[in-house]
Amino acid sequence: MKKKINSSYIHFIIGMIIMLGFRFVPMGVLPNVTKIGLQVMGVFIGTIYLWSTIDPSVASLTSIVMLAFTDFAPAGNIMMSAFGNPTVVQMFFLMIFMGGLTNRRLTVYIARWIMTRKMIEGRPWIFTLVMLLGTYVMSVFIGAFAPIFLFWPVLYGIFDEVGFKKTDAYPKVMIVGIVIAALIGFPVPPYMANGLALLGNYRGLLANFPALASMDGVMISNASYFIGCFVIGLLLIAATVLIMKFIFRPDVEPLKKISIEMLEKNPLPPMTMSQKTYGIFLCIFIFVMLVPSLLPNLPILNFLNANSLIMPMVLVTILVLLSFEDGPVLKLNEVMGKDFAWPTYLLCTSAILLGSVLTNEATGITAFLNTVLSPVFAGISGGMFTIVLLLFAIVLTNICNSLVIGMILQPVVLTYCVNTGVNPAPIITLLIFTVLLTAACTPAASPFAAMMFGNKEYLTSGDVYKYSTVFVVIEFIVIIFVGIPFINLLV
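Residues numbered from 1 in each chain as written. Predicted model: local features only at pLDDT ≥ 70, side-chain atom pairs only at ≥ 80, totals over all residues. Heavy atoms only, no water.

(A) Spotlight on the state of the cysteines. A full pass over the atoms with the stated rule returns 0 disulfides. The closest cysteine sulfur to the non-disulfide-bonded cysteine 417 is located on cysteine 229, 17 Å from its own sulfur. A residue is classified by how much of its surface remains accessible, and cysteine 417, at 1% relative accessible area, is buried. (Disulfide = S-S within 2.5 Å. Buried < 20%, exposed > 50% of the residue type's maximum accessible area, 1.4 Å probe, protein only.)

(B) Seen up close, the pattern of salt bridges. Throughout the structure, instances matching the rule amount to 4 salt bridges. As a salt-bridge pair, glutamate 457 and lysine 166 come within 2.5 Å of each other at their nearest N and O atoms. A residue pair is termed long-range when its members are at least 10 positions apart, and glutamate 457 in the loop between helix 23 (447-454) and helix 24 (461-490) and lysine 166 in the loop between helix 8 (145-162) and helix 9 (169-185) qualify at 291 residues. A relative accessible area of 44% means that glutamate 457 is categorised as partly exposed. A salt bridge links lysine 256 to glutamate 253, with the shortest nitrogen-to-oxygen separation between them at 3.3 Å. For lysine 256, a relative accessible area of 45% puts it in the partly exposed group. (Salt bridge = Lys/Arg side-chain N within 4 Å of Asp/Glu carboxyl O. Helix = DSSP H or I, 4+ residues; strand = E, 2+ residues; numbered from the N terminus.)

(C) Quick look at helix 22 (residues 424-437). The terminal C-alpha atoms of helix 22 lie 20 Å apart, and with 14 residues this matches the ideal 20 Å at 1.5 Å per residue to within 8%. Of all 14 residues that make up helix 22, 14 are buried, and the element is covered over most of its length. Looking at where helix 22 begins, the residue whose side-chain oxygen comes 3.0 Å from the main-chain nitrogen of alanine 425 is asparagine 423. (Expected span 1.5 Å × (residues − 1). Polar contact = N/O pair within 3.5 Å; in protein donor to acceptor, adjacent residues only side chain to side chain.)

(D) Representation of unusual backbone geometry. Positive phi is not limited to glycine here, since asparagine 32 has a value of about 75°. By the secondary structure assignment, asparagine 32 is in the loop between helix 1 (2-21) and helix 2 (35-53). Positive phi outside glycine occurs at arginine 105, with the angle close to 60°. Structurally, arginine 105 is set in the loop between helix 5 (86-103) and helix 6 (106-115).

(E) Looking closely at the nonpolar core. In this structure, Phe97 and Phe285 are the most contacted members of the largest nonpolar core, which totals 175 residues. A total of 12 residues in this core trace back to one element, the largest contributor, which is helix 9. Sequence-distant contacts of phenylalanine 285, that is, excluding residues within four places in its chain, are made with Leu94, Phe97, Met98, Tyr191 and Leu315. (Core = buried A, V, L, I, M, F, W, Y, C linked by side-chain atoms within 4.5 Å. Contact = heavy atoms within 4.5 Å.)

(F) View of the packing of aromatic side chains. Taken as a whole and assessed by the stated rule, the structure comprises 25 aromatic pairs. Considering the side-chain rings of tyrosine 156 and tyrosine 458, the 4.9 Å spacing of their centres and the 10° angle between planes classify their relative orientation as stacked. Of this pair, tyrosine 156 sits in helix 8 while tyrosine 458 sits in the loop between helix 23 and helix 24, and the two are 302 residues apart along the sequence. Taking the relative accessible area as the measure of exposure, tyrosine 458 reaches 3% and is therefore buried. Relative to phenylalanine 164, the ring of phenylalanine 159 lies with its centre 5.8 Å away and its plane at 90°, an arrangement referred to as edge-to-face. Site record: aromatic cluster; members linked through ring pairs are Trp125, Tyr156, Phe159, Phe164, Tyr170 and Tyr458. The ring of tyrosine 458 carries the charged tip of lysine 166 above its face, separated from the ring centre by 5.8 Å. (Phe/Tyr/Trp six-rings, centres within 6.5 Å; stacked < 30°, edge-to-face > 60°. Lys NZ or Arg CZ within 6 Å of the ring centre and 35° of its normal.)

Below you can see the structure in the form of C-alpha cells.
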C-alpha cells in the first residue's frame, strides 16, 4: 500500500511540473498560440497525464484549481464556468436520479426480467443475444456499469452450472462481450454523463463559429441523436453476436442445458411501492428528455423542451418529497454517499471546462489546430474527412480518456466545416458515438476496459487485446458503411 501511495505522489508531482512548466515554452514554437494558450495547454496536458495515473477525482479537481492560477480568468470566473455551467448542473441532477435507481435496486429487477425469457432455454445463441441486448438496453437507459456488475456474476454461476471451465473460449468471449455491449449503449443517451458533456460542449463551441451557428440543421436535437445512435447500436449488437458465432466460434454445447429454473434459484421479493413509483418516474424521465425535441411545436412539449435543463431537478425534487413506509422514494443522503458517481461527475465537469477554455480565442489554440490540420484535410470530401477523423479518434481513445479526445477533436471538425461549408452535425454525432463506444482495447481507454483487464479470473491481457480489437475493427466497418449514410439522412 505504501508503494502505491508513493507512486501516486510521484505522478502528481510530474503532472504539476507539466502544468507549470509548459508556460515556459518559447513563444512562436506553436504557431498562433498565445501566452495564455501555453498556460492552458500545460494544464490540459498535465490533466491528461494525471487522469491516466492517479485518482480521477484528484486529477479533475487539480485541473480546475490550476486553471484558476492561469491568466485566462479570475478564480471566481473559473469556478462559475466549471460548476455553474448549465450542462454540468443538469448532469449533477441526472446522476442523482440514476444513482437512485441503483439505490432502490430497480436495476436488479430489470436484469432478472431480461434474463428469464422463455425463448433462451436450450438455445445458446439466443441466450447470447438476449444477454448482450439486455446489457445494451440497460446501458442506454440506466448506465453502463449497472449491467456489467449485474450480468457478470450471473454468468459466472451459469458457467459453473452447465460445466464450462474458466479457460474455455465461450466464457472468455462472453465476459468481453458484456463489456462491449455496455460500451455500445454508453454513448446512446444524450442525457447522460459523457454523451451529455460532449453534446453540451459542441453546442457551446458553436458560439465561437458564427458562420456555422447560422447554418440550417447545425443543432443536434436529443431525439435525432438518440434515434440515430440507438438504431446503429442495435446493428452493432447483432454484429457482436455474429462475430462471436462465426469468427471466434466457441463451443456452446454446454449452454443447451440452461433453463429458466436455473436462473430463478434465488427469487426476488415483490417490488415495494417506492420501487414501483421509481419505475414510473423512470418512464416519465425518458419521455421528458426525448419526446419534446421530436415535437417541439406542441404547447406542452414546447414548454418541456424549452425547460429541459431544469427537468431532472424537478423529478429529483418530487422523488425526494414522495415518501412511503420505507422512507423517501429517493433517499438523497444515501445516494450522494454511496450511489453517486463522483469521479465521473468531476471528470466531466473539468473536461467541459477545459474544452471551453481551450477553444477560447484568447488562447489561440483553435487557430493553431487550423494551421496544422488544414493542409492535412485540404481538398478531401466530407465523407473521407469523417472516415479519417473516426479512425484517428479510435486510435487516440484507446491511448487516453475518450471524453477528452472527443473534446479535442470537436474544434477540428468545426474548423474543417467552416472552410468547406459542410454541416458539422452528422460528423459530430458520429464522433461522439464512435469515440465513446470504441474505448475498449487498452486499460487506459476507459474504466470499462480496465474492468476487463482486471478480471484475471477469466481473462488474460492477451484475451482482452485479441477479442476487443476484433470487436472494435468490426464496429468501425459497420459505422463506415451503415452509420455514416444513416446519420447523414437523419441528422
